[in-house]
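Descriptive structure summary
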There are 2 protein chains.
Amino acid sequence: MADEKKLTPRGQDFSAWYNEVILRAELADYSPVRGCMVIRPWGYGIWELMQRALDDMFKATGHENAYFPLLIPLSFIEREKKHVEGFAPELAVVTEAGGKALEEPLVIRPTSETIIYAMYAKWVQSYRDLPVLMNQWANVMRWELRTRLFLRTSEFLWQEGHTAHATAEEAEQETLTILGIYRRFMEEWIGMPPITGLKSESEKFAGAVRSYACEALMQDNKALQAGTSHFLGQNFSKQFDLKFQSEAGREEYAWNTSWGVSTRMVGGLVMTHGDDRGVVVPPRLAPVQVVVVPILHGDEGAAAVREKAEQIAATLRDAGVRVRVDARDNLSPGAKFYEWERKGVPFRLEIGPRDLESGQVVLARRVVEDGAKRKEFLAEAEALADMPARLEGFQTFLKERALRRREEHSHRGVKDIGELKEVLDGGGGFVYTGWNGDPAVEQRVKDETRATIRVIPDPEFQSSEAPATCVGSDAPARMEVAWARAY
Amino acid sequence: MADEKKLTPRGQDFSAWYNEVILRAELADYSPVRGCMVIRPWGYGIWELMQRALDDMFKATGHENAYFPLLIPLSFIEREKKHVEGFAPELAVVTEAGGKALEEPLVIRPTSETIIYAMYAKWVQSYRDLPVLMNQWANVMRWELRTRLFLRTSEFLWQEGHTAHATAEEAEQETLTILGIYRRFMEEWIGMPPITGLKSESEKFAGAVRSYACEALMQDNKALQAGTSHFLGQNFSKQFDLKFQSEAGREEYAWNTSWGVSTRMVGGLVMTHGDDRGVVVPPRLAPVQVVVVPILHGDEGAAAVREKAEQIAATLRDAGVRVRVDARDNLSPGAKFYEWERKGVPFRLEIGPRDLESGQVVLARRVVEDGAKRKEFLAEAEALADMPARLEGFQTFLKERALRRREEHSHRGVKDIGELKEVLDGGGGFVYTGWNGDPAVEQRVKDETRATIRVIPDPEFQSSEAPATCVGSDAPARMEVAWARAY
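Treat the numbers as computed from the prediction; the structure is a model and nothing was measured.

**Here's the deal with the overall build of chain A**
Check the secondary structure of chain A and you find 14 helices and 23 strands. The C-alpha radius of gyration of chain A comes to 25 Å, within 12% of the 23 Å expected for a compact globule of 487 residues. In terms of principal-axis extent, the alpha carbons of chain A reach across some 80 × 60 × 45 Å. Relative to its 487 residues, chain A shows a buried fraction of 50%. Here the analysis covers contacts within chain A between residues at least 6 apart in sequence; of these, 69% occur between residues at least 24 apart.

**A closer look at the packing of helix α13 (residues 417-425) of chain A against helix α14 (residues 439-449) of chain A**
Geometrically, a packed helix pair is captured by the angle between its two axes and the distance between the axes. Residue and element names in this part refer to chain A. Here α13 crosses α14 at 40 degrees, and the two axes come no closer than 10 Å. Classed by the angle they form, the pair α13 and α14 counts as oblique. Considering how the two elements wind past one another, α13 and α14 form a crossing that is right-handed. Of α14, the residues touching α13 (which contributes I417, L420, K421 and L424) are V445, E448 and T449. Across the contact of α13 with α14, the residue classes break down as four nonpolar, one polar and two charged.

**Remarks on the sheet that holds strand β22 (residues 452-457) of chain B**
Residues and elements named next belong to chain B. With respect to topology, 11 strands assemble into an open sheet ordered β3-β7-β8-β14-β11-β10-β9-β22-β23-β21-β20, the strand pairing being mixed. Across the chains shown, the open sheet's two edge strands, defined by having one partner strand only, are β3 (64-65) and β20 (410-411). Inspection of the sheet shows β22 paired to strand β23 (residues 479-484) by three bridges, in the antiparallel sense. Note that in β23 the partner of T452 across the bridge is A484. With respect to the sheet, helix α5 (residues 113-123) is in contact with β7 (132-141), β8 (155-165) and β14 (255-262), its orientation differing from that of β8 by roughly 35 degrees.

**Here we look at the relation of the copies chain A and chain B**
Relative to chain B, chain A is turned by 180 degrees and slid 0.0 Å along the rotation axis, the superposed coordinates differing by an RMSD of 0.0 Å. Such a turn and shift between the copies fits a two-fold axis. Considering only C-alpha atoms, the part of chain A nearest the rotation axis is A:V94, at 2.1 Å. The fraction of interface residues of chain A whose copies in chain B are also interface residues reaches 95%, indicating that both copies meet through the same surface.

**Some details on the domain arrangement of chain A**
Domain annotation of chain A identifies domain 1 (14-273), domain 2 (288-390) and domain 3 (410-484). Once you take the C-alpha centre of each, domain 2 of chain A and domain 3 of chain A turn out to be 49 Å apart.

**What about the interface of chain A and chain B?**
Taken together, the contacts link 42 residues of chain A with 40 residues of chain B. Breaking the side of chain A that touches chain B down by element, the ones donating at least two residues are β2 (37-39), α2 (41-60), β3 (64-65), β4 (71-73), β5 (92-97), α5 (113-123), β7 (132-141) and β8 (155-165) of chain A. If you tally residues by element for the side of chain A that touches chain B, the top one is β5(A), at six residues. Considered class by class, the residues forming the side of chain A that touches chain B number 27 nonpolar, seven polar and eight charged. Direction of pairing for β5(A) relative to strand β5 (residues 92-97) of chain B: antiparallel, over a ladder of five bridges. When the bridges of β5(B) are listed, A:V94 appears paired with B:V94.

**Considerations on the confidence of the model for chain A**
Mean pLDDT over chain A: 96, with 99% of residues reaching 70 or higher. Confidence estimates for the predicted assembly give a pTM of 0.97 and an ipTM of 0.96.

**Some thoughts on the environment of A:F68**
The topology assignment puts A:F68 in the loop between β3 and β4. Counting along the chain gives 48 residues from A:F68 to A:E20, while the straight-line C-alpha distance between them is 36 Å.

**With respect to the pairing of strand β11 (residues 223-233) of chain B**
All names here are of chain B. Judged by how many residues are buried, β11 sits mostly within the fold: 10 of 11 residues are covered. The pairing of strand β10 (residues 210-217) with β11 spans eight bridges and is antiparallel. Opposite A213, over in β11, you have T228 as the bridge partner. The turn linking β10 back onto β11 is made up of five residues, and N221 within it adopts a positive phi angle of 65 degrees.

**Some remarks on helix α10 (residues 333-343) of chain A**
All names here are of chain A. Of all the residues in α10, the buried ones are K336, E339, W340, E341, R342 and K343. In this fold, the buried residues of α10 make contact with α1 (14-24), α2, β15 (290-294) and β17 (347-351). Remark: G344 follows α10 within two positions and exhibits a positive phi of approximately 90 degrees.

**Thoughts on helix α13 (residues 417-425) of chain B**
Residue and element names in this part refer to chain B. Every buried residue belonging to α13 is among L420, V423 and L424, and all of these are buried. Angular distribution of buried residues about the axis of α13 spans 100 degrees; they occupy a single face of the element. In α13, those exposed residues whose orientation departs by more than 90 degrees from the buried face are G418 and D425. Residues of α13 that are buried in the fold lie against β20, β21 (430-435), α14 (439-449) and β23. Phi for G427, located one or two positions after α13, is positive at around 130 degrees.

**Regarding the packing of α2(A) against helix α6 (residues 168-190) of chain A**
Residue and element names in this part refer to chain A. Contact geometry of α2 with α6 gives a least axis separation of 11 Å together with a crossing angle of 145 degrees. Considering the relative orientation of α2 and α6, their crossing is right-handed. Of the residues in α6, those in contact with A53, L54 and M57 of α2 are I181, F185 and W189.

Calculation notes
- Residues numbered from 1 in each chain as written.
- Chains lettered and ligands numbered in written order.
- Predicted model: local features only at pLDDT ≥ 70, side-chain atom pairs only at ≥ 80, totals over all residues.
- Helix = DSSP H or I, 4+ residues; strand = E, 2+ residues; numbered from the N terminus.
- Rg over C-alpha atoms; globule rule 2.2 N^0.38 Å.
- Buried ≥ 20, exposed ≤ 12 C-beta atoms within 10 Å, placed from the backbone.
- Contact = placed C-beta atoms within 7 Å.
- Axes fitted to C-alpha atoms, helices over the stretch in contact; angles between N-to-C directions.
- Parallel < 35°, antiparallel > 145°, perpendicular 65-115°, else oblique.
- Left-handed = near helix turned anticlockwise from the far one by under 90°.
- Nonpolar A, V, L, I, M, F, W, Y, C, P; charged D, E, K, R; others polar.
- Pairing = 2+ DSSP bridges.
- Least-squares fit on C-alpha atoms with pLDDT ≥ 70 in both.
- Domains from an automatic or database assignment.
- pLDDT = per-residue confidence, 0-100.
- Arc of directions from axis to C-beta.

Okay, structure coming up:
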């Protein structure tokens, strides 16, 4: 029901705003199980649209979906040394089943490399069986101490792709293809343009040779790692005996990649576009793109207004618009406006008895540029005909606004830790500096600033002039890196 | 790669045939985790199409998807007495997480009534918040001693719908609406027409007031429970304090329903349509409906044939057909035919250099009626234009064949246990008899025949003349029931 209490403003307490907006937009709720959330229909509807779009992109690039077991023998996880070091502290362990203690404990998958490569080893004999390009949509479990709705929960939903290739080059190419898909999805669907690049050794996936990531900037100027793509080399194939006979007749280990995005992206969407009125959902991911609200004054013309509202909805639906008529009779129009704004529906059409006579509707836009009007009267025919274009325009507006924010909060030319700290404390964002590549230096900068290297940026994000010196030492820079405080 | 070894014929050992056909069609595979299977891309593709169709039907009837936690506190499961009695022996229990012993053990959901109604209790205050109509697509875990691929595995994928209503009548109506959706889906999509009806008290869901089921007949004349829909009354709402203020201002407990179908249906599909050559997938659920195989004789005209194959595929794709060109050059045409037949693709188009000249193609149909030709030459244009209609015709053919089988193996007029046993031992199927309603009689018949009451049939499945006497006693019949040996 309408809860007219105002949200904590973002500027006052971003973290409080985030939790409130998610609960009150009914995206998700806390559950009685520590660290596990419930994804409510509005949040799940966004996730379903994310899934559909990504799934189409995966399939268009030759990937197939499959499903592997939830439970993994503990001994599998332990086989790849770095992998178990990374995941052991977060495992949930099944020790009893069917009324008996298990001989070997089973862990709930924190990620599925081990079980999946064990299966590939069974299916792959020859180079003819390669590449294997599979993806699974699944729940995973990483027991977290401090949890945040969507951003860090003990259980979360994701997709995990796992591929096997005959050559290192082909696997590396796959890693980058997927990074490109993630980036395009975040730009064009979430309107959350990330920077991309390589992770430093200390930040890479447990078991990977190289990890690439998409890092997006939130409105509090903290970075969100929103998707990762890993080149695993032969680390897992050697442990799981994933061999094939090459075209030349030699026995070789396969080259693997793995990559994933999760419901965390819903949190990213909220922190990229939301405002002090609530969530703002980009049209391509909005379960409802247009809500039609009949404005009734008692019974006067009510039936005709309701009929017109349904007719408008039908016209929009035929044009491919996701539309809902909010005909609830136990709620005032104002309460409905408030609810749908809080949920972030891009457009609202209001229709009353007088509009019926004049052939007009009121169109309200969830977000406007500074100074523009939120509401306007439009001829009905025009409002309906233009709607698909308006939705696309709104989508572009959100993306460009986010891109502007990111660029406004990207800092270059920072020379030392003092300057870095100053920038981070004075607003934050991405800070590009030189680095000599030494992990000890990385650690010291991190300790002093609470920022981490988000990525070693891909060429298009690199500064026009490469930094000459390392931010944390007197050594010359060996590369440029992007720092940020992060989720 | 092509394994030309013949399948065990169904008539020789149905159970061996079933396992072989699933492994060799690459629908699924055994995993290193006891009782848990891997669903391979061909099997998962069928499941995805099942999901899409059912999801559309749920949404068209006002249901929304959501997601609830995998782990449930043991104390929740224990709250509804019958519920815990039913599920306790099959629970998988997490006792450690994040490196520590848990204070309260968490079970992996065997079904989610308890956690879901606990959440509804938080969300529902007034009759205005009702009905709540939610569904979730999820994995569940029931630790089984004897497992069968798709039919009974410790982990399986399913959907579970959970609804809350203001009145018993509305909840009962929901239960039946869903039963109707399940039945229509099984008839029109799987081509596996089930009988429907009420479960006896001994066979109902643990915690339900009444359970309804769809029961389909497999080719070995055993019944498969393929979907269930439960009227839960107020059993769970009372335990989880799911109350609402009624329109009259009274505090009342909500009325619940729950309902589910699972990947078990993939097993049903296999056992309904499969033959000694492999799986047969109904066109509406076939990830590939038409496979195009270019027939190449060395390099002679190879490029032109390949181009024609792609062109044919593009034409079919534009007509909404799911088509794949099998252009692998390391496999003979015969090996490809064999592989796609085993996987159950409805139609195959062959195209060779001479066909190119004559404007013909060869069309092969996966299953034909007795005496009909499996292969025919067709003018290319005709073959392409007719394909959508042919696919629908094939779909109908499979459904009608399955319906005929079911009716041929439905036995009526059986009077006593001796006759019942004779029919079951002499081929089996559904056997309709009278029953006095006494659970002790039901148990005795079960012990003597290894058959169970599958349903108390809905009116349209009842015999034209109601049985007068009980099959297991001298008492008059109080109702008609359908017996079968079952999976």
